[in-house]
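# Notes for the structure review
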Amino acid sequence: MLSLASTSHRVATSVQCQRGQAFKAFYATIRSLRQQPDFILSILRANPSVRDARGYLASFGPRPQKSKAEQKETSVEPVAETKTTPIIDAILDPVVRRTALVKVQAPFTDVQLESIARGMAYLEKLGLVSVMVVEVDNVRDTQEDRTAVIEEVMRVVSSLERQGSRARPVLGAVARLGPGPHESEDKHDFPPPEAHTIPSDLTPIRSALRAGEIPVIPPFALDSFCRSVRVDANDVIAALARGMAEAAVQDAAAGGIPSYARSGLPHLLVNMSSEYEHITDTFRGTWRHSHPTALANLSLARKCLAYMPPSSSAVMVSHRSPSSLIANLITNKPAVSSSLPHALLQGNRKLTPHTPTLLRRGLPIRVVRSVAEIDQAKMTHLLEKSFVRTLDERKFYGRLEKTLDFVIIAGDYAGAAIVTNEPSPQAPNPISYLDKFATYGLGHPFSVNPNGGKGGQGEGRDLVWRSRANNPVNKWYFERSSGHVRMGSWALFWCDAEKHLKIEQSRRGMAGLSYVEDWEKGRLAYWADVVEKIPSTWK
């Protein structure tokens, strides 16, 4: 009896102790968050999905596992395990600290600097610690100018400290000019960075990170005579990215990269593998004055991401949008879906000049226009894995031989969009029909806009597709379509061509009631007639 009572008392004491520690940790966290209402609101505005939250917790909030020896020392009689939510786990457990490379563009006003420092402090609270490189415009390598750079570094450190973060100025050179020791082994389609690092150069940075401090670095590097010289901050960032292989964040005074297709408003998401050349080719001369660092930062992001894991990303964000850094970190998505046609971005989804641009290494995108160019084995594998159904290959590819318009393929068949031309006796031109849209094995959504014209510069065509009425993906279709109509067990969706969307946007922007445009008359009837008769190619 005494033994049983003693064991029961030990169990009760252990449970009470665990609950007490959990309550103290939870209360301390909530008390600290109550002092940061902007921080809480920024998290709520991010509105992460369950998938987003799981992705964030997988990266930043794993529960540490006890060793077998520790488990034996603290083992008591089995107690029913208390179920907790991932959110509580994230609050009660220590988070994993990851590193971001941040370039900030000085000079700043005090208000701008406070906003930047607040954004860095927010990231730190969520487990992403910044390594900051301070760039100062129009500063050369003279003693007076070096003093000006160091003064800006100290201003950044002081501002971070006022936001509750611990910061450390690292005023010595952390990079070396010239090619690295293994430069010839790298195979990239861009010039290598002008600087490199060796492990000993990174010691002050790693020391600061281990101490829980944000290192703030001036753009200095050692030349061949071991003299510290002023260099472009982009070279320092690229050298650090190569040496540290961590995540990249950029903070540009002018915000995201202006887009030709969005009338000068920022790109939302840039796939470096397929869009870099197009962006540089369509960059307007006037933007070189309004966004003087945009192309240099784009080139820097491409270099950094090339040396980092494929899942890494970069973000170009204005000092006016510190809270957008939180949304990007939690969701790993752009502020608004990049697959939405620009004319459909209205209300709270409307873009502003300060909307950030998310950049990823991405996958190469190519367009094929004949069945002979399709790797049928890989395409079949993609479709069957994506739809979890068996494809009737003879029927499917036989139909494509007669109707194929084009196929957009991402990477090595990681995603594909198949568009066909469906003849209609009631229409002067064939109907552009999205026959299949499939992804499999991608770490992030594959998005295309098949009706937007080349590079967003064309007029495009009206695009039509169908989906089962109970398809869970329909929510995604509703957001990206101009309209839909029920056809029995099917739902017919359509998205107007970019030219039509722009006309509708200008005519209906302030109108209280909608009306039918000339090109819209009668089209639903012949669309439904044709689409409903398209045969299934599944077994």
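Being a predicted model, the structure only gives us computed values, none of them experimental. (Residues numbered from 1 in each chain as written. Predicted model: local features only at pLDDT ≥ 70, side-chain atom pairs only at ≥ 80, totals over all residues. Heavy atoms only, no water.)

The subject of this paragraph is the pattern of salt bridges. Taken as a whole, this structure holds 19 salt bridges when the rule is applied. Asp405 is the partner of Arg369 in a salt bridge, and the nearest nitrogen-oxygen pair spans 3.6 Å. With Arg369 in the loop between strand 13 (365-368) and helix 14 (376-387) and Asp405 in strand 14 (residues 404-410), this pair connects stretches of sequence that are 36 residues apart. Judged by relative accessible area, which is 53%, Arg369 ranks as exposed. Look at Asp405 and you get buried, because its relative accessible area is 11%. Overlapping salt bridges bring together Arg399, Glu422, Asp435 and Lys436 as one network. (Salt bridge = Lys/Arg side-chain N within 4 Å of Asp/Glu carboxyl O. Helix = DSSP H or I, 4+ residues; strand = E, 2+ residues; numbered from the N terminus. Buried < 20%, exposed > 50% of the residue type's maximum accessible area, 1.4 Å probe, protein only.)

This part is about the environment of Phe406. Here Phe406 lies in strand 14. Through-space distance from the C-alpha of Phe406 to that of Asn421 is 9.1 Å; in sequence the pair is 15 residues apart.

Moving on: the pairing of strand 12 (residues 357-360). With burial as the criterion, each face of strand 12 is covered, one bearing Thr357 and Leu359 and the other bearing Leu358 and Arg360. Of the pairings in the sheet, the one linking strand 10 (residues 269-271) to strand 12 comprises three bridges and is parallel in character. Residue pairing across strands places Asn271 opposite Arg360, the latter belonging to strand 12. Summarising the sheet, strand 11 (residues 313-317) and strand 12 pair through four bridges and their orientation is antiparallel. Residue pairing for strand 12: Ser313 is matched across the bridge by Arg360. (Pairing = 2+ DSSP bridges.)

Taken in spatial order, the seven strands line up as 13-14-15-16-17-19-18 in an open sheet, and their pairing is mixed. In this open sheet, the two strands that pair with only one neighbour each are strand 13 and strand 18 (483-487). When strand polarity is set aside, the average angle formed by the axes of neighbouring strands in this sheet is 25 degrees. With two bridges joining them, strand 16 (residues 431-439) and strand 17 (residues 463-468) adopt parallel strand pairing. From the neighbouring strand, Tyr433 faces strand 17, where its bridge partner is Val464. Each of strand 14, strand 15 (415-422) and strand 16 touches helix 14; the most contacted strand, strand 16, lies at about 80 degrees to it. (Axes fitted to C-alpha atoms, helices over the stretch in contact; angles between N-to-C directions. Contact = heavy atoms within 4.5 Å.)

It is worth spelling out the packing of aromatic side chains at this point. Remark: the centre distance and the inter-plane angle together describe each pair of aromatic rings, the angle taken between the planes. A full pass over the atoms with the stated rule returns eleven aromatic pairs. Between Trp494 and Trp527, the ring centres sit 5.9 Å apart and the planes meet at 50 degrees, which makes this aromatic pair tilted. Of this pair, Trp494 sits in strand 19 (residues 490-495) while Trp527 sits in helix 18 (residues 523-532); the two residues are 33 residues apart in sequence, bridging distant segments of the chain. You can call Trp494 buried: its relative accessible area is 10%. Through successive ring pairs, a cluster of aromatic residues spans Phe437, Trp465, Trp476, Tyr477, Phe478 and Phe493. The ring of Tyr276 has Arg302 lying over it, and the distance from NZ or CZ to the ring centre is 3.8 Å. The ring centre of Trp490 lies 4.2 Å from the NZ or CZ of Arg466, which sits over that ring. (Phe/Tyr/Trp six-rings, centres within 6.5 Å; stacked < 30°, edge-to-face > 60°. Lys NZ or Arg CZ within 6 Å of the ring centre and 35° of its normal.)

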